[in-house]
Amino acid sequence: MITFPNAKINIGLNVLNKRSDGYHNIESLFYPIPLCDALEILPTDGEMEFSFSGIDVKCDAANNLVVKAFVLIQEKHNIPNVKIHLHKNIPFGAGLGGGSADAAFALKMLNDMFELNITDEQLIEYASSLGADCAFFIKNKPQIARGIGDELSDYAIDLEGKFLLLVKPDVAVPTANAYKYVTPFDSGLRLEQHLSHPINQWKNKVKNDFEASVFKQYPNLLFIKEQMYELRAEYAAMSGSGSSIFGLFSEKPQHNTIFVEHFCFEGVL
């Protein structure tokens, strides 16, 4: 069995306040995009095997979220060993949720493969135990995330036909550092109120609170965002806590070699 776990972008990310447990309450629109890894799971009569190719995530097998997903399902449902191969195409440290997507898709694949009949609600609970973003990829459709990113509610928004340009320079922003320097603020206006405006009005309304501090540390990210608007993006922003920058366009932008030295993905939503 093979599937293609896809990435997501954050459209707006408000860091509202710091919680008593040390985490932060946020609100953000998680939106799936067609940038994908490849995940294959096969039955085996031997030991559990895990291999990977593509982008080197510099993570040993035991700490890989796909392996953790398998271990969780095996402990809960007593499934036999499998062989897993993961081909990484989604950059890490980019705010795209690649590792979370891989884990969530592994849960769904194992559920189907072994006919476990686990409900979506239970899969979401399992996914949440693996990481805050993981639960989103169970339904894998536009959702508003609140709490620490694990309180999800469906959100009707149609970006079909919009052209996506995503650029990820050779920079990884540690999530802990991003939260360390962010200034929480709750304006009292909910993200949905800003998202209800036309996309070409989002620029000064739908913001990512991490940009202020992250752009100071990595000025090239601000340059890339500015270039998106130079190319006539209707909206551009950093995804998550960085370091990818995306632009939404009404038609394919002619960027030529502006981003040639960076990872670049283009696709239609």
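Per-chain numbering applies: the sequence of each chain, read as written, is numbered from 1 onward. Residue-level local features of this predicted model are given only where pLDDT is at least 70; pairs of side-chain atoms are given and counted only at 80 or more, and the full residue set underlies all totals for whole chains, interfaces and linings. Side-chain numbers here rest on the full set of heavy atoms in the structure, without hydrogens or water.

Enquirer: Explain the nonpolar core to me, and be specific about the residues and the numbers.
Expert: The nonpolar side chains of soluble globular proteins are, as a tendency, buried together. Core analysis: the largest hydrophobic core is formed by 49 residues, its most contacted members being Ile9, Ile11, Leu195, Trp202, Met228, Tyr235 and Phe246. Helix numbers and strand numbers start at the N terminus; a helix is a DSSP run of H or I with at least 4 residues, a strand a run of E with at least 2. Among the secondary structure elements, those contributing two or more residues to this core are β2 (6-18), β3 (24-36), β9 (163-168), α6 (191-195), α7 (211-217), α8 (219-230), β10 (235-238) and β11 (245-249). What Phe246 contacts, discounting residues up to four positions off in sequence, is Ile9, Asn10, Ile11, Leu164, Leu165, Leu166, Met228, Tyr235, Ala236, Ala237, Met238 and Ser239. Judged by nonpolar contacts, the second largest core, of 33 residues, contains Leu72, Ala101, Cys134 and Ala145. Residues belong to a common nonpolar core when they are buried Ala, Val, Leu, Ile, Met, Phe, Trp, Tyr or Cys residues joined through side-chain atoms within 4.5 Å. Burial classes follow relative accessibility: with a 1.4 Å probe on protein chains only, a residue under 20% of its type's maximum area counts as buried, one over 50% as exposed, and anything between as partly exposed. Residue contacts are defined here by distance: any two heavy atoms, one from each residue, within 4.5 Å place the two residues in contact.

Enquirer: Summarise helix α2 (residues 98-113); cite the residues concerned and give the values.
Expert: An expected span of 1.5 Å times one less than the residue number is assigned to each helix. Along its 16 residues, α2 runs 22 Å from first to last C-alpha, staying within 8% of the 22 Å computed at 1.5 Å per residue. α2 sits mainly inside the fold: 12 of its 16 residues count as buried. The complete set of buried residues in α2 reads Gly98, Ser100, Ala101, Asp102, Ala103, Ala104, Phe105, Ala106, Leu107, Met109, Leu110 and Asn111.

Enquirer: Explain the state of the cysteines to me, and be specific about the residues and the numbers.
Expert: Among covalent bonds in proteins, the disulfide is the one between the sulfur atoms of two cysteines. Disulfide: a pair of cysteine sulfur atoms within 2.5 Å of each other. Throughout the structure, instances matching the rule amount to 0 disulfides. We note that Cys264 lacks a disulfide partner, and the nearest cysteine sulfur, in Cys36, lies 16 Å from it.

Enquirer: Can you explain the pattern of salt bridges? Please cite residues and give values.
Expert: By definition here, a salt bridge exists when the distance from a side-chain nitrogen of Lys or Arg to a carboxyl oxygen of Asp or Glu is within 4 Å. If you walk through the whole model with that rule in mind, you get 12 salt bridges. With its nearest N and O atoms 3.2 Å apart, the salt bridge here joins Arg146 to Glu27. With a gap of 119 residues between them, Arg146 in strand β7 (residues 143-146) and Glu27 in strand β3 connect regions that are remote in the sequence. Here Glu27 falls in the buried class, since its relative accessible area comes to 0%. The shortest N-O distance in the salt bridge between Arg146 and Glu192 comes to 2.7 Å. Of this pair, Arg146 sits in strand β7 while Glu192 is found in helix α6, placing the two residues 46 residues apart along the sequence. Judged by relative accessible area, which is 23%, Arg146 ranks as partly exposed. Accessibility expressed as a relative area gives 23% for Glu192, which makes it partly exposed.

Enquirer: Please provide a residue-by-residue account of the pairing of β2, values included.
Expert: On a regular strand, one side chain projects to one face of the sheet and the next to the other, so that they alternate. Counting buried residues in β2 gives 11 out of 13 residues, a clear majority hidden from the surface. Only when DSSP finds a minimum of two bridges between them are two strands counted as paired. Where β2 meets β3, 10 bridges bridge the pair, whose relative direction is antiparallel. When the sheet's bridge partners are listed, Val15 is paired in β3 with Ile26.

Enquirer: Run through the packing of helix α1 (residues 65-77) against α2, naming residues and quoting values.
Expert: For any two helices packed against each other, one specifies the inter-axial angle together with the distance between the axes. Helix axes are fitted only over the stretch in contact, all axes being lines through C-alpha atoms; the angle between N-to-C directions runs from 0 to 180 degrees. At a closest axis distance of 8 Å, the pairing of α1 and α2 adopts a crossing angle of 30°. Classified by the interaxial angle, the pair formed by α1 and α2 is roughly parallel. The handedness of the crossing between α1 and α2 is right-handed. Where α1 approaches α2, its residues Leu65, Val66, Ala69, Phe70 and Ile73 are matched on the opposing element by Gly99, Ser100, Asp102, Ala103, Ala106, Leu107 and Leu110. Residues are grouped as follows: nonpolar covers Ala, Val, Leu, Ile, Met, Phe, Trp, Tyr, Cys and Pro; charged covers Asp, Glu, Lys and Arg; every other residue, Gly included, is treated as polar. Here the residues of the contact of α1 with α2 are counted per class, giving 9 nonpolar, 2 polar and 1 charged. Throughout this description, any angle smaller than 35 degrees is read as roughly parallel, any larger than 145 degrees as roughly antiparallel, any in the 65 to 115 degree range as roughly perpendicular, and the remainder as oblique. By definition, turning the near helix anticlockwise from the far helix through less than a right angle yields a left-handed crossing, and turning it clockwise yields a right-handed one.

Enquirer: For the environment of Ala172, give the residues involved together with the corresponding values.
Expert: Within the secondary structure, Ala172 sits in the loop between β9 and α5 (175-181). Accessibility expressed as a relative area gives 40% for Ala172, which makes it partly exposed. On a C-alpha basis, the gap between Ala172 and Ile2 in space is 29 Å, while along the polypeptide they are 170 residues apart. If near-sequence neighbours (up to four positions away) are discounted, Ala172 is found in contact with Gly93, Tyr218 and Ser243.

Enquirer: Account for unusual backbone geometry, naming residues and giving values.
Expert: With an omega of 15°, the peptide bond between Gly242 and Ser243 qualifies as cis. In this structure, Ser243 sits in the loop between β10 and β11. If you check the backbone angles, Asn78 has positive phi at about 55° while not being a glycine. Relative to the elements of secondary structure, Asn78 occurs in the loop between α1 and β6 (82-88). Accessibility expressed as a relative area gives 68% for Asn78, which makes it exposed. Residue Asn140 is not a glycine yet carries a positive backbone phi of 60°.

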